[in-house]
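# A look at the structure
The primary structure of each chain is shown beneath.
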Amino acid sequence: MNRRLTLALPSKGRLREPSWSLLEATGVAPQEPGERVLQTFCRNADIDLLFVRADDVPEYVQDGVVDCGITGLDLVSERDFEVDVLLRLGYGTCSLQAAVSTEDVAEELGQLNGRRIATSHPRIVGNWLERNGLSADIVRVSGSVEITPRLGLADAIVDLVSTGSTLRTNGLRSLGTIFESEAVLVGRRGASDHEAQNTLTMLLASVINARATRYLLFNIAKDRLDEVTALLPTTGSPTVMDLATPGTVAVHALVPASQIWSLLPQLQARGASSVLTLPVERMVP
Ligand code: AMP
């Protein structure tokens, strides 16, 4: 049965903009909401959009207020919501890291045993301690976690880190990562037959795959074809076409964007010419 889908998007904070632009890139044409408007819809698909805080998204999905939503994986795991993670979205990446004061003797995560740890993620920290056979006093705080060692409230902290600059500014040193997070699409448990939700998941995945890929084209002498195709970091088979100039072919291939930088000089060194790289809009395997 094809019924309308309600998708919750983060209404503010660091996940808002990338979530909106990812949705726009799928082609469902979300209608820009007016100021302070919390609901809108998509012009090209049967999708209604609701703007809520990223923290509230897992609960809204679990309780059936919406069908699915975008939020941080840390927010889903911290309160153990009954939702399915449908897709990892590749932005909002950060890690929950344990840190101590730069003067502390601890050098590794195991040395947190028996100490006091301040965090706003007590559940994730508790599970991690248990899995690693450690015990520690967890001090729950809801903000400004980094200041707690200096106030004598804790010996260590566990907090979200993306660049590490906040830790350094507060005289803290990371001991390591206990949890990796990124933005995720979550859906209600057992709703795998929702057609519109499956289509949306597929479209989002196609954009995420495409963003990490480039379409590469170049010309090469036929007698060097094997040598250059062996260099291509592509899983599929490249397309090879004869050119009007005898003994020369054009090669087209999809390659990971992250490898273009190292690949182009190697192709050039082997005589490739007219080398082009193009962005890919969508990629459905
Ligand atoms: P916000 O609404 O800006 O507070 O976003 C919170 C979510 O963004 C967190 O739950 C994480 O999933 C994600 N995030 C990504 N990088 C960071 C970071 N450096 N600090 C906190 N949250 C982050």
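Our subject is the structure listed above.
Residues numbered from 1 in each chain as written. Predicted model: local features only at pLDDT ≥ 70, side-chain atom pairs only at ≥ 80, totals over all residues. Heavy atoms only, no water.

## Notes on the packing of aromatic side chains
- Under the defined criterion, the tally for this structure stands at one aromatic pair.
- Arranged with centres 6.0 Å apart and planes meeting at 35 degrees, the rings of tryptophan 20 and phenylalanine 51 form a pair that is tilted. Of the two residues, tryptophan 20 sits in helix α1 (residues 16-25) while phenylalanine 51 sits in strand β3 (residues 47-52), which places them 31 residues apart along the sequence.
- Under the relative-accessibility criterion, tryptophan 20 is labelled buried at 10%. (Phe/Tyr/Trp six-rings, centres within 6.5 Å; stacked < 30°, edge-to-face > 60°. Helix = DSSP H or I, 4+ residues; strand = E, 2+ residues; numbered from the N terminus. Buried < 20%, exposed > 50% of the residue type's maximum accessible area, 1.4 Å probe, protein only.)

## Side note on the sheet that holds strand β5 (residues 83-88)
- Reading across from one edge, β2-β3-β1-β4-β11-β5 is the order of the six strands in this open sheet, with mixed pairing throughout. Of all strands in the sheet, those with a lone pairing partner are β2 (39-41) and β5, marking the two edges. Across the sheet, the mean angle separating the axes of adjacent strands is 30 degrees when strand polarity is ignored.
- Pairing of strand β4 (residues 68-72) with strand β11 (residues 183-188) involves five bridges; the strand directions are antiparallel. (Pairing = 2+ DSSP bridges. Axes fitted to C-alpha atoms, helices over the stretch in contact; angles between N-to-C directions.)

## Considering a nonpolar patch on the surface
- Together, Ile147, Leu151 and Leu153 make up an exposed nonpolar region whose accessible area comes to about 260 Å².
- Locating leucine 151 in the fold gives a position in the loop between β8 (137-140) and β9 (156-161). (Patch = residues over 30% accessible without salt bridge, like charges linked within 9 Å, V, L, I, M, F, W, Y side chains within 5 Å. Areas by Shrake-Rupley, 256 points an atom, 1.4 Å probe, with all protein chains shown as cover. Salt bridge = Lys/Arg side-chain N within 4 Å of Asp/Glu carboxyl O.)

## Quick notes on the sheet that holds strand β10 (residues 172-181)
- In space, the five strands of this open sheet follow the order β8-β7-β9-β6-β10, with mixed pairing throughout. Edge positions in the sheet fall to β8 and β10, since each of these pairs with one other strand and no more. Adjacent strand axes in the sheet meet at a mean angle of 30 degrees when their direction is disregarded.
- Across three bridges, the pairing between strand β7 (residues 116-119) and β9 is parallel. The residue of β9 that forms the bridge with isoleucine 117 is alanine 156.

## Re the pattern of salt bridges
- Here the structure, examined in full by the defined rule, presents 20 salt bridges.
- The salt bridge partner of arginine 115 is aspartate 104, with a shortest N-O separation of 2.8 Å. Of the two residues, arginine 115 sits in the loop between β6 (94-101) and β7 while aspartate 104 sits in the loop between β6 and β7, which places them eleven residues apart along the sequence.
- In the salt-bridge network here, residues are joined through shared partners; they are Asp104, Arg115, Arg116 and Asp155.

## So, the side chain of threonine 40
- Of note, threonine 40 is situated in strand β2.
- Under the relative-accessibility criterion, threonine 40 is labelled buried at 9%.
- Among residues more than four places away in sequence, those in contact with threonine 40 are Gln31, Pro33, Asp48, Leu49 and Phe51. (Contact = heavy atoms within 4.5 Å.)

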